[in-house]
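Remarks on the overall topology
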Amino acid sequence: MIKKIDKNNILFVAAATGFFAIGGILTTFAPPLLDASWAKPAPGLQNYPELAKGGDAHADLVMKGRAIYVRDGCWYCHTQQTRTIEADTVRSGWRDVRSPVSTPDEFVFDKPHLFGTRRVGPDLSRAGGKYDKQWHATHFKDPRSLVPGSAMPPFPWIANNPAELDAMVAYIQSLGRAKDWRPTHDYEE
Ligand code: HEC
């Protein structure tokens, strides 16, 4: 049987597709069917797309910032998922507090999701409230002025455009805020 599949192109492609499908079913379709909490929004999660449609000014700003994040390819270098490994919870953490691991209920309204694939820069899933607006303005203008040797390019068209800067910062401050995880709740707005 295995020999036959190995020698026949069509059988080989069919078998490979079958094996990939098993992986897809187990990792994509089975978990939400087995655990309904995957599709239920986290208690603190804001439905920014709906709020923006309803005329909420802050949500509108967040959605505009998200569009700039997509347009400028921030997601080529940044992920938005704190994985279950310890180094992630330390890097996403704040002072000595480790951040919680990302869970599916935090991304229910994220369409399309911006999990990203490459970590050229740090993960941003808990970046919300970490730095104030002045920090971001300076960082977009010249990342190396704050972090020597940074591989992040400058984004002067964001830093020098008050509307884009407001939107971008509103979006970053919204990241990971479905969970109120810092003991002193000292998030920058
Ligand atoms: C070429 C890769 C690259 C691109 C594109 C990029 N960044 Fe970065 N980013 C980095 C690197 C590397 C760092 C770490 C050094 C630093 O802080 O400058 C970083 C750091 C950051 C930080 C600080 C994170 C922390 O926890 O300290 C934020 C916020 C950030 N980037 C936002 C953005 C946004 C928003 C965009 C799109 C407008 C963007 N980045 C585009 C590479 C990139």
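The following refers to the structure shown. (Residues numbered from 1 in each chain as written. Predicted model: local features only at pLDDT ≥ 70, side-chain atom pairs only at ≥ 80, totals over all residues.)

**Things to note about the environment of Pro143**
Among the secondary structure elements, Pro143 is positioned in helix α7 (residues 143-146). Considering only alpha carbons, one finds Pro143 and Ile68, 75 residues apart in sequence, at a separation of 18 Å. Other than its neighbours up to four places away in sequence, Pro143 contacts Ser150, Met152 and Pro154. (Helix = DSSP H or I, 4+ residues; strand = E, 2+ residues; numbered from the N terminus. Contact = placed C-beta atoms within 7 Å.)

**Some words on helix α2 (residues 9-34)**
For α2, with 26 residues, the first-to-last C-alpha span of 36 Å sits near the 38 Å given by 1.5 Å per residue. Among the 26 residues in α2, 0 count as buried, and that is only a small part of the element. (Expected span 1.5 Å × (residues − 1). Buried ≥ 20, exposed ≤ 12 C-beta atoms within 10 Å, placed from the backbone.)

**A closer look at helix α4 (residues 57-71)**
The first and last C-alpha atoms of α4 sit 21 Å apart over 15 residues, in line with the 21 Å expected at 1.5 Å per residue. Regarding α4, the residues found buried are Ala59, Leu61, Val62, Gly65, Arg66 and Tyr69. Seen from one end, α4 has its buried residues packed into an arc of 155°, which puts them on one side. In α4, the exposed positions that point more than 90 degrees away from the buried face belong to Ala57, Val70 and Arg71. Where α4 is buried, its residues meet α3 (48-53) and α9 (162-174). Backbone geometry just after α4 places Gly73 at a positive phi near 70°. (Arc of directions from axis to C-beta.)

**Things to note about the nonpolar core**
Core analysis: the biggest nonpolar cluster contains 19 residues, and Val62, Met168, Ala170, Tyr171 and Ile172 have the highest contact counts within it. Of all the secondary-structure elements, those providing two or more residues to this core are α4 and α9. Per element, the largest residue contribution to this core is 7 residues, and it comes from α9. (Core = buried A, V, L, I, M, F, W, Y, C linked by C-beta atoms within 7 Å.)

On their own, these measurements won't tell you what the molecule is for.
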